[in-house]
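Architecture and fold: a report
So you can see what is in the structure, the chains are spelled out below.
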Amino acid sequence: SDVPVRVEHPVDFDNGAAGILFDVKNLGTEPIIITEFGPVLDAGSWPVEVYITTDAPSWQGVEDLPSAWSQAGTRLVTSTGPQVGTPLTGFHLLLPPGASRGIYLTSTIGAPVRFTGIGAGQQRQVDDGALRVSSVPGASKGYPFGQTNLSRAYNGYVSYISTPLKPQQIAGLPTNAPFPA
């Protein structure tokens with residue numbers, strides 16, 4: 001469907017850093033396209049970079065390896081405050097059925113990204129049956145690809161659209177075409 005769906009993590013932050021690491025997984029049987037992230041940011045204008053693991057199914061194990069990531073884009077956004085997620089729009093990240101990827105959202109300046117977790121043990125994942133957004137564990141991250149602190153849970157949302165597979169004719173005559181004599 002072309003109507004975006006949101007998977008929301010609670011907004012109950014107690015900490016902050018330049019960036020946050022978490023995983024996304026397509027739990028469904030149809031491809032989905034991630035179109036928007038909504039991290040909780042401090043009030044102000046922030047240049048936010050979005051990275052997705054190129055091949056790895058998780059951020060875990062590649063958090064300090066920039067070559068394992070692809071930059072999906074940079075958005076200059078203005079946050080009115082950390083009560084709600086700030087929209088990072090205009091993405092088209094395909095996630096096939098069963099696939100998972102690591103996500104790294106980071107500001108290039110300051111430490112405006114709010115999350116939950118000060119010590120060990122903070123883990124949570126939320127799904128709607130089609131997309132799982134997982135901080136099991138999540139981590140905060142310095143910029144760029146700086147220090148990693150484990151057990152930090154994403155605050156905000158991820159939006160996606162589903163893309164049902166439709167049969168496509170790749171050979172033969174088009175529908176209702178006359179058969180050649």
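Heads up: the structure comes first, above all this text.
Figured I'd write up the structure that's included with this text.

About the cut-offs
Residues numbered from 1 in each chain as written. Predicted model: local features only at pLDDT ≥ 70, side-chain atom pairs only at ≥ 80, totals over all residues. Heavy atoms only, no water. Helix = DSSP H or I, 4+ residues; strand = E, 2+ residues; numbered from the N terminus. Buried < 20%, exposed > 50% of the residue type's maximum accessible area, 1.4 Å probe, protein only. Contact = heavy atoms within 4.5 Å. Areas by Shrake-Rupley, 256 points an atom, 1.4 Å probe, with all protein chains shown as cover. Core = buried A, V, L, I, M, F, W, Y, C linked by side-chain atoms within 4.5 Å. Polar contact = N/O pair within 3.5 Å; in protein donor to acceptor, adjacent residues only side chain to side chain. Salt bridge = Lys/Arg side-chain N within 4 Å of Asp/Glu carboxyl O. Pairing = 2+ DSSP bridges. Axes fitted to C-alpha atoms, helices over the stretch in contact; angles between N-to-C directions.

1. Here's the deal with the overall build of the chain
Counting secondary structure elements, the chain contains zero helices and 14 strands. Mapped from its N terminus to its C terminus, the chain presents α and β elements in the order β-β-β-β-β-β-β-β-β-β-β-β-β-β. With the principal axes as the frame, the chain shows a C-alpha extent of 75 × 35 × 30 Å. By the burial criterion, 47% of the 181 residues in the chain qualify as buried. Residue pairs in contact within the chain that sit at least 24 positions apart in sequence constitute 82% of those at least 6 positions apart. With an accessible surface of roughly 8,700 Å², the chain has 56% of that area assigned to carbon and sulfur atoms.

2. Side note on the nonpolar core
If you look at soluble globular proteins, the nonpolar side chains tend to sit buried side by side. Grouped together as the largest cluster of nonpolar side chains are 29 residues, with contacts concentrated most on Phe22, Phe37, Leu105 and Leu131. No other element matches strand β5 (residues 44-53), which puts four residues into this core. For leucine 105, the residues in contact, after removing those within four places along its chain, are Ala18, Gly19, Ile20, Phe22, Phe37, Pro39, Glu49, Val50, Leu88 and Tyr154. Among the nonpolar cores identified, the runner-up in size contains 10 residues, and Ala56, Val62, Ala68 and Ala139 belong to it.

3. Observations regarding the side chain of arginine 124
Along the chain, arginine 124 falls in strand β10 (residues 124-127). Look at arginine 124 and you get buried, because its relative accessible area is 16%. Of note is the side chain of arginine 124, whose polar atom sits 3.1 Å from the side chain of threonine 116. Excluding residues within four positions of it along the chain, arginine 124 makes contact with His9, Pro10, Asp12, Thr116, Val133, Ser134, Ser135, Val136, Ala153, Tyr154 and Asn155.

4. Some details on the pattern of salt bridges
All chains considered together, the criterion is met by three salt bridges. Between arginine 124 and aspartate 12 there is a salt bridge whose closest N-O contact spans 2.8 Å. On the criterion of sequence distance, the pair formed by arginine 124 in strand β10 and aspartate 12 in the loop between β1 (5-9) and β2 (15-17) is long-range, its members being 112 residues apart. Notably, a salt bridge pairs arginine 114 with aspartate 42, separated by 2.8 Å at the nearest N-O pair. With a gap of 72 residues between them, arginine 114 in strand β9 (residues 113-116) and aspartate 42 in the loop between β4 (32-39) and β5 connect regions that are remote in the sequence. Overall, arginine 114 belongs to the buried group, its relative accessible area being 15%. Using a relative accessible area of 23% as the deciding quantity, one classes aspartate 42 as partly exposed.

5. Looking at the sheet that holds β2
Taking strand neighbours across the sheet as the criterion, the three strands line up as β2-β9-β13 in an open arrangement whose pairing is antiparallel. Of all strands in the sheet, those bounded by a partner on one side alone are β2 and β13 (153-154). Where β9 and β13 come together, two bridges link them in antiparallel fashion. In the strand pairing of β13, phenylalanine 115 is matched with tyrosine 154.

6. Things to note about the sheet that holds strand β7 (residues 93-95)
Here four strands make up an open sheet; going across it, the order is β1-β14-β4-β7 and the pairing antiparallel. Only two strands of the sheet have a single partner each, and these edge strands are β1 and β7. Ignoring which end each strand starts from, the neighbouring axes of this sheet average 35 degrees apart. In the sheet, β4 pairs with strand β14 (residues 156-162) via seven bridges, with the strands oriented antiparallel. In the strand pairing of β14, glycine 38 is matched with tyrosine 157.

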